[in-house]
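Analysis of the macromolecular model
Letter by letter, the chains look like this.
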Amino acid sequence: MPSPMIADKYGSFFHLAREHQVIFYYVGYFSQHIVAAMADAVKLQLEVAGVATPTRRKLFSSFIEMAQNIIHYSADALTPASQNDGELRHGSVCIRREADGSFLLLCANPIEAVLAEELRVKLEALRKMTMEEIKQAYRQTLREEAPEGSKGAGMGFLTVARDARQPLDFDFDTDDASGDAPVFYLKAAI
Amino acid sequence: MENLYIAPTPSSPEVDFKFDALRLSLRGESYPENAAAFYGDIIARLKDFLAQRQGITLEVHIALAYFNSSSTKMLFNLIEALSNAAEGGSQVMLHWYHDEEDDTILEFGQELSEDFPAIDFSTHAVEAP
């Protein structure tokens, strides 16, 4: 028998997503398989919506960088810290459409408190850079040895910043109810 | 030297290095979880081959629809190895394919060609599927 209670109790959650024009949202553990499947879904959705190719490319690229950052750096992991392949780590990603038709990409994941400070310094410096400086830093990093402790190439944030319309926004929520680790938020306007 | 073939997955490219035919190709999408591990072995095999065979004419085709930041770094290393061979007397013809509407991949190819002038670069625009 249909229960109106469901709409009463949980409708607000779905309503909020509609209100925020969320076109894609995932929360949970991220694995490489899940990222590849999400990539498919995001690609298809943007194609069907008729989004221009350059915008699609930027969104797709930034989405992958964010999702893989969660696999590599979230503090909530189901796999041991020493493992660097087949990792499974918790976080969330969201794509929403802005009123003017542009897009916002958001991601969130818990992060070790000690890494949060390093990240803040890095992202604050990145925010102050002009587009020309971002491209220059990208070219330079490409030609350097990968930084110690980086599982990628130290180029993920530069890659997102290069495609964003505005400086990347970030935040740390130290009072999140999900655990002790601060939650790192990143926002890119595409 | 044995040829190297790796089948594509949704997030890693087809690697088809026909060393015997002096024809190497990479095709597909590239965002493996661990690009350093994925490309590390491939680059090692390529370097072994280039160390064994000098004065050759090598044809390389790179047709990647998308590559993430860490794959970009590894592609740079791979092309650097090819450039070293070209400086050592081999001829390397690199065909760089990009979606006709994708300027980012085209520009990256152009940048590589400026960085590695010993390689004979050509870019090819392909129609979106």
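Residues numbered from 1 in each chain as written. Chains lettered and ligands numbered in written order. Predicted model: local features only at pLDDT ≥ 70, side-chain atom pairs only at ≥ 80, totals over all residues. Heavy atoms only, no water.

Looking at an unreviewed UniProt entry, one finds chain B named DUF1987 domain-containing protein and attributed to Comamonas endophytica.

Looking up chain A in an unreviewed UniProt entry gives the name SiaB family protein kinase, with the organism given as Comamonas endophytica.

It is worth spelling out the interface of chain B and chain A at this point. One frequent convention defines the size of an interface as the accessible area lost when the parts assemble. Facing the 20 residues of chain B at the interface are 32 residues of chain A. For the pair chain B and chain A, the summed buried area comes to about 2,200 Å², and 49% of that belongs to carbon and sulfur atoms. In this structure, the connection of chain B to chain A is made through 4 salt bridges. The closest approach of N and O atoms between E111 of chain B and R143 of chain A, which form a salt bridge, is 3.7 Å. Every element with two or more residues in the side of chain B that touches chain A is listed here: α2 (69–87) and α3 (103–115) of chain B. Per-class residue counts for the side of chain B that touches chain A are 6 nonpolar, 7 polar and 7 charged. (Contact = heavy atoms within 4.5 Å. Buried area = accessible area lost by both parts, 1.4 Å probe. Salt bridge = Lys/Arg side-chain N within 4 Å of Asp/Glu carboxyl O. Helix = DSSP H or I, 4+ residues; strand = E, 2+ residues; numbered from the N terminus. Nonpolar A, V, L, I, M, F, W, Y, C, P; charged D, E, K, R; others polar.)

On to the environment of R89 of chain A, then. Residues and elements named next belong to chain A. Here R89 is to be found in strand β2 (residues 89–97). Exposure remark for R89: the relative accessible area of 8% places this residue in the buried category. Along the chain, R89 and V121 lie 32 residues apart, while their C-alpha atoms are 24 Å from each other. What R89 contacts, discounting residues up to four positions off in sequence, is G28, Y29, F30, I70, I71, H72, Y73, S74, D76, A77, A81 and K151. (Buried < 20%, exposed > 50% of the residue type's maximum accessible area, 1.4 Å probe, protein only.)

A word on helix α2 (residues 32–48) of chain A. Residues and elements named next belong to chain A. The terminal C-alpha atoms of α2 lie 24 Å apart, and with 17 residues this matches the ideal 24 Å at 1.5 Å per residue to within 8%. Every buried residue of α2 is listed here: Q32, V35, A36, M38, A39, V42 and L46. For α2, the angular spread of buried residues about the axis comes to 165°, placing them on one side. The exposed set on the far side of α2, more than 90 degrees from its buried face, consists of H33, D40, L44 and V48. For α2, the secondary structure elements touched by its buried residues are β1 (22–30), α3 (53–73), β2 and β3 (103–110). Positive backbone phi, approximately 70°, marks G50, located one or two places after α2. (Expected span 1.5 Å × (residues − 1). Arc of directions from axis to C-beta.)

Residues and elements named next belong to chain A. Remark: α3 packs on helix α6 (residues 156–163), axes separated minimally by 9 Å, with the N-to-C direction vectors making an angle of 155°. When the interaxial angle is binned, α3 and α6 end up roughly antiparallel. For the pair α3 and α6, the sense of crossing is left-handed. In this structure, α3 contributes R57, K58, S61, S62, E65 and N69 to the contact, and α6 contributes G156, F157, T159, V160 and D163. Broken down by class, the residue content of the contact of α3 with α6 amounts to 2 nonpolar, 5 polar and 4 charged. (Axes fitted to C-alpha atoms, helices over the stretch in contact; angles between N-to-C directions. Parallel < 35°, antiparallel > 145°, perpendicular 65-115°, else oblique. Left-handed = near helix turned anticlockwise from the far one by under 90°.)

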